[in-house]
Every structure is written in C-alpha cells, then in structure tokens.
Amino acid sequence: MYIFKLKPVFKDYIWGGTRLKTDFGFESELDKVAEGWMLSCHKDGRNTVENGEYAGEELEAVIEKVGKEKLVGTRSLDFPYFPVLIKLIDAKNDLSIQVHPDNDYAQRVEGEFGKTEIWYVLDATDDAKLVYGFKEKITSGEFQKAIEDNTLMDVLNQVPVKKGDLFFIEAGTVHAIGKGTLIAEIQQNSNSTYRVYDYGRLGADGKPRELHVKKAVDVSKTEPPKYEIKPFGKPEKHGGYVSTLLTKCDLFTVTHYDVNESVKLCADEKSFNHILVLDGQGEIDSQALKKGDSFFVPAGYGEYKISGECEIIVTNI
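Residues numbered from 1 in each chain as written. Predicted model: local features only at pLDDT ≥ 70, side-chain atom pairs only at ≥ 80, totals over all residues. Heavy atoms only, no water.

Across its full length, the chain holds seven helices and 23 strands. For the chain, whose C-alpha radius of gyration is 19 Å, the value lies close to the compact-globule estimate of 20 Å for 317 residues. Here the C-alpha coordinates of the chain stretch approximately 60 × 40 × 40 Å along the principal axes. In the chain, which comprises 317 residues, the proportion classed as buried is 53%. (Helix = DSSP H or I, 4+ residues; strand = E, 2+ residues; numbered from the N terminus. Rg over C-alpha atoms; globule rule 2.2 N^0.38 Å. Buried < 20%, exposed > 50% of the residue type's maximum accessible area, 1.4 Å probe, protein only.)

Next up, the structure:
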C-alpha cells in the first residue's frame, strides 16, 4: 500500500471568496470557492485519488475494495461510516448563525450522524469575529423569542479571532464563522446543519435561504461555551520540528507541526493519518509536497518521513 494524494472537492456557497485559488493555488471553474473538502467520503462530495494504482478512483470506493479495517484502521470499526470530514474554509462574508445536532438527534431526524467539529484559524483580518455559544445561559424559550424578535445577536457570544486560535465546537453549540477568516475544519462526517439566522440574505435563486428554527431550538445548548479558545496542548520543540496538540477527543486527534527540517510519523494498524499542508513545501516519503496538498496515509503503513520547510496538520482517529 502507498500514500494517496487526494483531489479536493470545491463548494461555491454565497459567502465564499477566492483565497483558496489565489493563496493555495487550487484550480476551479467556480468564481467563489467557499470550501475545499480535503478529506471526504460524504455523499455530498467525495475525494478521488490522484496518484498510483488507484488514480481516478473515489477514496470511498478504494476503501470498499481493499477493506475498511485495512485502510482506515481497527478504530474505524467503532464507526459505521467514514469517521471524519476535513475542509478548508474561506469566509469572505459572514456565514449564517447555525447549529449542528448530536448523534442521537441526527440519526433519528436526518438519517446520518451528528457533527462535532474544530476550527483552526489560518488567517484573519484585524476585525474578524466568530460566534461561539451564548454570552450567558438562557432558556430554550428565551432563545426562541430572541430569534422571533430579531435580537439574537444581542445574546450570542461574539469573539475576536486571530491566526492560531482553536475552537472546539461540540454538537449543539450555536456558532458562525465571521467574514475575513480562513479556517481549517476537522469534523464528524456529517452535513447536517440547522440555520438559525442569515442576516436577511437571498440565495442564488433570489429567495431567502431556508431557516430551521424548530430543529435548532431542539438541539441547541443555550449557554456559554465550556472550552477555551486555544489548542489543547502547548508547542513542543524537537529536532527539526515543533508539534502542538490541537485537539484530542473520542472522535479525532489533530496535531499541528511546523517542520523546518524533518519529522517522522507513523500510521499504525489503529488509524489512518491525514496530512493537510497549510504552507511551505517538501516531501512525504518520495512524493513532492506543497501548500494545499492532501494526503491519506493508510492504517498500518508504518513510519514515514516528512521533510522540508512546511506547516501541516495531521488527523487520526
């Protein structure tokens, strides 16, 4: 088995910009590239393999052919679906105020799993803000009234954002990415989103975009967030690189690496590794590596080396 280079899937939502094309060099016929889905086996957008024996095949199809346990790892047996979805997000304008359901609600109502996610901020303008939970605890009834009275923004927790911030967003946390932010998102493999408020905007069809108020009220935790806005770990210096644990939970583990010479990593039998290149260039084993690249290292691949000067985040389960 070998390390797969993946082809992204692009989305042109109305709030998107062009930085994924101008900053990352992605080629797309879309005028706006709001999101690049860098690791996805979701029905709404599946990555294909770009190199080697399986070039041109969807990653999900390769997994089915070779075997889930062999490629995704023994930990994947705890999940009845491919466990994560990883994106790059360019918010030129504000995203809607939204919330995601937890597993129980999403399976019952949407027929898929819920969505807990993290945001790692890659860049932000000086005035960029994010919505992250509520200023103080309120009741579901008060949440509903704030939506109806158009006073929702008065009760939400709006926070300034800067490069390097880490937001851990559990399912049920009301949130929104604000304009001027560039983000890497690691999430459960789900696309269930309940839109609460959308600033009165019109969609591409000229009509107001659908809101999902009842479902949002059902699933929302109407309280301040319980996690600090920072990586879970502190930077640790090693010979040739600096590592920082961004997140570790029962759904995924994400680590940031600043590589100035090289780092040796390992994909054991428990889990695949996903490598998202945020900046720089170098090599992953014998393959060239550059900003914007996405690599899937199969479970059981063993030790591999990333060399050069680059910034990466590594995700496993």
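A separate point is empty space enclosed by the protein. One pass over the structure, following the stated rule, counts one cavity of 30 Å³ or more. Here the largest cavity is characterised by a volume of approximately 120 Å³. Lining of the largest cavity is provided by 13 residues; of these, Thr173, Lys221, Pro224, Pro225 and Lys226 occupy positions nearest its centre. A per-class count over the lining of the largest cavity returns six nonpolar, three polar and four charged. (1 Å grid on protein atoms, 1.4 Å probe; cavity = no way out; pocket = protein on both sides within 12 Å on 5 of 7 lines; lining within 4 Å. Points joined across faces, edges and corners; volume = space filled by probe spheres on them. Nonpolar A, V, L, I, M, F, W, Y, C, P; charged D, E, K, R; others polar.)

Our focus in this paragraph is the packing of aromatic side chains. Using the criterion set out here, one finds 21 aromatic pairs in the structure. Here Phe10 and Phe26 contribute two aromatic rings whose centre-to-centre distance is 5.3 Å and whose plane-to-plane angle is 50°, an arrangement assigned as tilted. Here Phe10, found in strand 2 (residues 9-11), pairs with Phe26, found in the loop between helix 1 (19-22) and strand 3 (35-39); they are 16 residues apart in sequence, far enough to count as distant. Consider the rings of Tyr13 and Trp15, whose centres lie 5.7 Å apart with planes at 35°: the pair is tilted. (Phe/Tyr/Trp six-rings, centres within 6.5 Å; stacked < 30°, edge-to-face > 60°.)

We now examine the pairing of strand 20 (residues 273-284). Here strand 20 runs beside strand 22 (residues 294-297); their pairing, made up of four bridges, is antiparallel. In the strand pairing of strand 22, Leu276 is matched with Ser294. In the sheet, strand 20 pairs with strand 23 (residues 302-316) via ten bridges, with the strands oriented antiparallel. Within the sheet, the bridge partner assigned to Gly280 lies in strand 23 and is Cys310. Strand direction decides the pairing type here: strand 20 and strand 21 (residues 287-290), joined by four bridges, are antiparallel. Within strand 21, the residue paired with Gln281 across the bridge is Lys290. Adjacent in sequence and paired antiparallel, strand 20 and strand 21 are bridged by two residues, among which Asp285 carries a positive phi angle near 50°. (Pairing = 2+ DSSP bridges.)

Its identity is not glycine, yet Asn150 carries a phi of approximately 60°, on the positive side. Here Asn150 lies in the loop between helix 5 (140-148) and helix 6 (152-155). A positive phi angle, near 50°, is found at Asp285, a position not held by glycine. Along the chain, the position of Asp285 falls in the loop between strand 20 and strand 21.

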